[in-house]
Protein chains: 2
Amino acid sequence: MHSVLVIWNNPIPPNPDLSWPQLHVPIKVILSQNNSLNNRFLPYDLIETDAILSIDDDIQLRHDEIVFGFRVWREHRDQLVGFPARAHFWNGSDSSWFYNSDYMCEFSMILTGAAFFHKYYTFAYTSEMSPDIRNMVDNYFNCEDIAMNFLLAHITRKPPLKVTLHWSFDCVYCGSTLHDRPDHYAARSRCINWLTNHYGYNPLMYSQYRADSVLFKTRIPLGKQKCYKYI
Amino acid sequence: MHSVLVIWNNPIPPNPDLSWPQLHVPIKVILSQNNSLNNRFLPYDLIETDAILSIDDDIQLRHDEIVFGFRVWREHRDQLVGFPARAHFWNGSDSSWFYNSDYMCEFSMILTGAAFFHKYYTFAYTSEMSPDIRNMVDNYFNCEDIAMNFLLAHITRKPPLKVTLHWSFDCVYCGSTLHDRPDHYAARSRCINWLTNHYGYNPLMYSQYRADSVLFKTRIPLGKQKCYKYI
């Protein structure tokens, strides 16, 4: 890990007394000019690595999950590699796309609340992607992650890659979040339909497997050691 | 499944009384002219599908494993997708490559005793690959699977893809096999060194994950259903 960047979207800067975690790498706080969800994908000069691990402030990932996710990303640097999987599906009677976060056999999106992607995509999102999409994200105050999934699928014609069985990231201490609102799924579905209309097609692609470590759930002889204990 | 091809390398043809399994697809027996391990990779006209599931006669795969393996192959049609993973490693003190079938965190070969690959590679193996390699396979009476792994890695610059935790395929009813011979590993290592010398480099690439079904080992709410029960 090279450094931790905190994208601080709150117009009130962090309290100077706020105690940050003691890490072996620097923590840098970026005070945003405006409260836009697009800020998390700006190509900050402070990002000096190819790989970005994008995580929401309420996500809890273990160290081994981060290490393994990064190793899978190293093998697939053009893809979104991460943890929370979601899918889109077509509702024939409504003639529209729906957003789905249920447990499924296949998925087509990985939420950028816990995902690795190449720094290139911050340039692509900010400078190459149509500004209409960033405006939509600001207007809906939602769906920057769906927009990023559309962008990668459009560029690569590949699905994202899901790692480990970690599926949902319910934060028990965080209280109410955006996702609790009953209109959350309707809003997410609206974004998928908006983006499909904007691109002229739906670029999202499905994948039917996830990546586990090679010896996950494998009984190995006594005395032999695994690289990961839990994943 | 389209059909089952049995590559019969024994100079004595199968006994006419031999009872074949009753399948929903035809079983076709190909009587080989000679007992060559290269015969399993001939581009038989009888193969009418893109995907070939290559299996040894002593391999036991479950139906769900075959279905899932095929679905992963559909997403990676240029790669070798299968079950028994192996690796090569460099021994600095010997200055030579070694073959390894131990439980490992990474692998670089999938044995064609239980693997999917595209029919194209039967043409590549038989007609595009150097005849010296097929001669080596005949001389050693071994290593056709290692040769196929070298060929795919050389063509694609990608590692193979391991599916499910199924690692070894010990056949309890089969008695002694080629693999029991103590010189098996020495012979396999010799092949890797021969092929590396032939290609002028070692094209094998490592991968550090395997593909499981999206909901493998995931607890899902009562009433919801998984696509696979065991994988």
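This structure is a prediction, so every number in the text was calculated from the model and none was measured.

Participant: Run through the relation of the copies chain B and chain A, naming residues and quoting values.
Facilitator: With an RMSD of 0.0 Å, the fit of chain B onto chain A corresponds to turning through 180° and sliding 0.0 Å along the axis. Taken together, the rotation and translation relating the two chain copies correspond to the operation of a two-fold axis. No C-alpha of chain B approaches the rotation axis more nearly than that of A211(B), which lies at 2.4 Å. Here 100% of the interface residues in chain B have copies in chain A that are interface residues too; the copies meet face to matching face.

Participant: I'd like to hear about a nonpolar patch on the surface, residue by residue, with values.
Facilitator: Residue and element names in this part refer to chain A. Nonpolar side chains collect at one region of the surface, where L18, W20, V29 and L31 lie side by side and expose about 320 Å² of accessible area between them. Position of L18 relative to the elements: it lies in the loop between β1 (4–8) and β2 (27–31). The exposure class of L18 is partly exposed, given its relative accessible area of 39%.

Participant: Can you break down the interface of chain B and chain A residue by residue, with the values?
Facilitator: Accessible area lost on assembly of the parts is the figure often given for the size of an interface. Taken together, the contact between chain B and chain A spans 34 residues of the former and 34 residues of the latter. For the interface between chain B and chain A, the tally reads two salt bridges. Among the salt bridges present, the one from K224(B) reaches D102(A), with a minimum N-O distance of 3.2 Å. Remark: the boundary between chain B and chain A carries 16 residue pairs in polar contact (both at pLDDT 80 or more). When residues of the side of chain B that touches chain A are traced back to their parent elements, those giving at least two are α1 (63–75) and β10 (209–213) of chain B. Within the side of chain B that touches chain A, the residues separate by chemical class into 18 nonpolar, five polar and eleven charged. Where strand β10 (residues 209–213) of chain A meets β10(B), five bridges bridge the pair, whose relative direction is antiparallel. Looking across to β10(B), one finds that D212(A) is bridged to R210(B).

Criteria and thresholds
Residues numbered from 1 in each chain as written. Chains lettered and ligands numbered in written order. Predicted model: local features only at pLDDT ≥ 70, side-chain atom pairs only at ≥ 80, totals over all residues. Heavy atoms only, no water. Least-squares fit on C-alpha atoms with pLDDT ≥ 70 in both. Contact = heavy atoms within 4.5 Å. Patch = residues over 30% accessible without salt bridge, like charges linked within 9 Å, V, L, I, M, F, W, Y side chains within 5 Å. Areas by Shrake-Rupley, 256 points an atom, 1.4 Å probe, with all protein chains shown as cover. Salt bridge = Lys/Arg side-chain N within 4 Å of Asp/Glu carboxyl O. Helix = DSSP H or I, 4+ residues; strand = E, 2+ residues; numbered from the N terminus. Buried < 20%, exposed > 50% of the residue type's maximum accessible area, 1.4 Å probe, protein only. Polar contact = N/O pair within 3.5 Å; in protein donor to acceptor, adjacent residues only side chain to side chain. Nonpolar A, V, L, I, M, F, W, Y, C, P; charged D, E, K, R; others polar. Pairing = 2+ DSSP bridges.

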